[in-house]
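# Chain and residue survey
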Amino acid sequence: MPEGKILLKPSTLWTSVKEQTAHALQCGALLSIPTEFEFVEQDGVLFLVRILSNLNRKKAAKEKQDKQTTNSGKEFNPFLPYEEDLFVADISETHVCILNKFNVVDYHLLIITRAFEEQESLLTLEDFAALWACLADFDGLAFYNGGKIAGASQRHKHLQLVPLPLAPCGWQIPIEPLLASAKLQDSIATIPELPFTHAFAPLDSDLVQSPLALLECYRTLLRAVGLDAVDGNKQSGAYNFLATREWMLIIPRSQEHFQSISINSLGFAGALLVRNEQEMQLLKNQGPMNILKNVGVSI
């Protein structure tokens, strides 16, 4: 199985990200969504909760996208072609890296396939080769929303990468304090404090040098939570995938929302997003870990 030639030159991605961000902001291609944030504690985790200040830009873009879909009779795909002003780098023969147009987190990257693939496709050797080429030069949290129920907003396959730390103070990733208690059985671990089905794997330095070994680790995690391929490479159920240079985590999903609050992969890293003060109060009343349990799969 070929993994695609890597085109990204080592030690160039971070510089390209900063330069392209400055350009995209100046020309108006990058429409950052301002937020405020606070921490909400539950079960030993300081959850980072961002409150959106203004969704008008994204709402207007969604209305334009829906109109294009209606007029053309075809679903609009923002990644085919992608906006040139958002382009960061050619990663491989199969993937490119662009800026997330409506970013909440600074330097939020999308790693997209050059040709159309469904977001409900399982990750491939080419995906892992491209992702780890980026992680080698960009210390971040990678994630993949496997399907609409897992929080995916576009059908075109795209992995995402945000820089660490996720917040200007505290842990690099809010759930990090829980990872030390992972109970390993063979190569797969579970984290006792996470009250929903999941599978976790620490990554050693040898493993991260091999996209094929990373792909096999990912497949093992999928099998551990009862997910596997159907009809070729299509997933058998929705899930969230998170990874850093040190570990990989998979969480199967049962629903996209808890009431009006949408949850994607970042929620399971301990970083949640609410649209207004009413949703913030709902989150505080219910407890963020309880909300994650509700949209996950019961143990």
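Residues numbered from 1 in each chain as written. Predicted model: local features only at pLDDT ≥ 70, side-chain atom pairs only at ≥ 80, totals over all residues. Heavy atoms only, no water.

Under an unreviewed UniProt entry, the name given to the protein is Phosphorylase, and the source organism is Halotia branconii CENA392.

### Here we look at the side chain of Asp127
Applied cut-off: Numbering goes from the N terminus for both helices and strands, where a helix is a DSSP run of H or I of at least four residues and a strand is a run of E of at least two. Think of it in three bands: residues with accessible area under 20% of the maximum for their type are buried, residues over 50% are exposed, and the middle band is partly exposed, with areas taken using a 1.4 Å probe on protein chains only. In protein, a polar contact requires one atom able to donate a hydrogen and another able to accept it; more generally it is a pair of N or O atoms within 3.5 Å, and residues adjacent in sequence count only if both atoms are side-chain atoms. Whether two residues touch is decided by their heavy atoms; if any such pair falls within 4.5 Å, the residues are in contact.
Inspection of the secondary structure assignment puts Asp127 in helix H3 (residues 125-135). Note on Asp127: relative accessible area 1%, which makes it buried. A distance of 2.6 Å separates the side chain of Asp127 from the side chain of His95, its partner in a polar contact. In this structure, Asp127 is in contact with His95, Thr113, Leu122, Lys157 and Leu159, ignoring residues within four places of it in sequence.

### So, the layout of surface pockets
Formally: The pocket and cavity definitions rest on a 1 Å grid over protein atoms only: a 1.4 Å probe that fits but cannot leave marks a cavity, an open set with protein on both sides within 12 Å along at least five of seven lines marks a pocket, and residues lining either have an atom within 4 Å of a point. Grid points are joined across faces, edges and corners, and a volume is the space filled by probe spheres set on the points. Each residue gets one of three labels, nonpolar for Ala, Val, Leu, Ile, Met, Phe, Trp, Tyr, Cys and Pro, charged for Asp, Glu, Lys and Arg, and polar for the others, Gly among them.
In this structure, the second largest pocket encloses a volume near 360 Å³. In terms of lining residues, the second largest pocket is bounded by 18 residues, among which Trp132, Ala133, Leu135, Ala136 and Val208 are the most central. Counting residues per element, the lining of the second largest pocket draws most heavily on H3, at four residues. For the lining of the second largest pocket, the class distribution of residues is ten nonpolar, four polar and four charged.

### Re the packing of aromatic side chains
Rule in force here: Put simply, two rings from Phe, Tyr or Trp (the six-membered ring, in Trp's case) pair if the centres are within 6.5 Å, and we call them stacked under 30 degrees between planes, edge-to-face over 60, tilted for the rest.
Counted under the stated rule, the structure contains twelve aromatic pairs. Geometrically, the ring pair formed by Trp14 and Tyr107 is edge-to-face, given 5.0 Å between the ring centres and 75° between the ring planes. With Trp14 in helix H1 (residues 13-27) and Tyr107 in the loop between strand E4 (95-99) and strand E5 (109-113), this residue pair connects regions lying 93 residues apart in the sequence. With a relative accessible area of 30%, Trp14 lands in the partly exposed category. Under the relative-accessibility criterion, Tyr107 is labelled partly exposed at 28%. Between Phe200 and Trp247, the ring centres sit 5.9 Å apart and the planes meet at 40°, which makes this aromatic pair tilted. Here Trp247 lies in strand E14 (residues 247-252) and Phe200 lies in strand E10 (residues 199-202), a separation of 47 residues in the sequence. One exposure class covers both Phe200 and Trp247, and it is buried. Through successive ring pairs, a cluster of aromatic residues spans Phe128, Trp132, Tyr144, Tyr218, Tyr239 and Phe241.

### Here's the deal with the sheet that holds strand E17 (residues 271-274)
Our working rule: Here the rule is simple: two strands pair whenever DSSP picks up at least two bridges between them. Axis lines are fitted through C-alpha atoms, for helices just across the contact stretch, and the angle between N-to-C directions can take any value from 0 to 180 degrees.
Read across the open sheet, the three strands follow the order E1-E2-E17; overall the sheet is mixed. With partners counted over all chains shown, the strands left at the sheet margins are strand E1 (35-42) and E17, one partner each. If you compare each strand with its neighbour and ignore which way they point, the axes differ by 30° on average. In the sheet, E1 pairs with strand E2 (residues 45-52) via eight bridges, with the strands oriented antiparallel. Its bridge partner being in E2, Thr35 is matched across the sheet by Leu52. In the packing of helix H7 (residues 277-286) onto the sheet, the strands contacted are E1, E2 and E17, and the crossing angle to E1 comes to about 10°.

### A word on unusual backbone geometry
Where the residue is not glycine, phi is negative for most of them; where a peptide bond is considered, it is trans in most cases. Omega for the bond connecting Leu80 with Pro81 falls within 30 degrees of zero, at 0°, which places this linkage in the cis form. Summarising the element assignment, Pro81 is placed in the loop between helix H2 (56-72) and strand E3 (87-90). Positive phi, normally seen in glycine, also occurs at Tyr107, with a value near 60°. Positive phi, normally seen in glycine, also occurs at Gln259, with a value near 50°. Mapping Gln259 onto the fold places it in the loop between strand E15 (257-258) and strand E16 (261-262). On the basis of relative accessible area, Gln259 is assigned to the exposed category, the value being 57%.

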